[in-house]
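The primary structure of each chain is shown beneath.
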Amino acid sequence: MCTYIVEKAPIYGSAKGPDGWMKVDTANVYFDHPYHAQLHHALGIDFVDESAGSPQRVAIEISAQSARRLVERILAALEAGERAHAIGPEPA
């Protein structure tokens, strides 16, 4: 049974899709049955531009273990980069 539980995160950035670069303003994050990955369940992230009606998306489906490793590496890269460039985290 699919849960259809989606966590939305407002973001600011760009993503490269099949038609080139596009603005992204929302990440939809969910843990459910994947469409393509050969997994029973997967963490999916869809990067979209909701302000444009989400005409395109860039999506990933990864295992739970991969998602946890990715979160750890994202945090490590942010911390190292902020130290190296002598900048603090963005305000909430």
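See above for the structure.
Heads up: these notes are all about the structure in this document. (Residues numbered from 1 in each chain as written. Predicted model: local features only at pLDDT ≥ 70, side-chain atom pairs only at ≥ 80, totals over all residues. Heavy atoms only, no water.)

Our focus in this paragraph is a nonpolar patch on the surface. A cluster of nonpolar residues, Leu 70, Val 71, Ile 74, Leu 75 and Leu 78, forms a patch on the protein surface that exposes about 430 Å² of accessible area. Mapped onto the elements, Leu 75 comes out in helix α1 (residues 64-84). (Patch = residues over 30% accessible without salt bridge, like charges linked within 9 Å, V, L, I, M, F, W, Y side chains within 5 Å. Areas by Shrake-Rupley, 256 points an atom, 1.4 Å probe, with all protein chains shown as cover. Salt bridge = Lys/Arg side-chain N within 4 Å of Asp/Glu carboxyl O. Helix = DSSP H or I, 4+ residues; strand = E, 2+ residues; numbered from the N terminus.)

Turning our eyes to something else, we now look at the pairing of strand β2 (residues 20-32). Sheet topology places strand β1 (residues 7-17) next to β2; nine bridges connect them, and they run antiparallel. Opposite Ala 15, over in β2, you have Met 22 as the bridge partner. Pairing geometry for β2 and strand β3 (residues 42-48), over seven bridges, is antiparallel. Bridge pairing in β3 links Ala 27 to Phe 47. (Pairing = 2+ DSSP bridges.)

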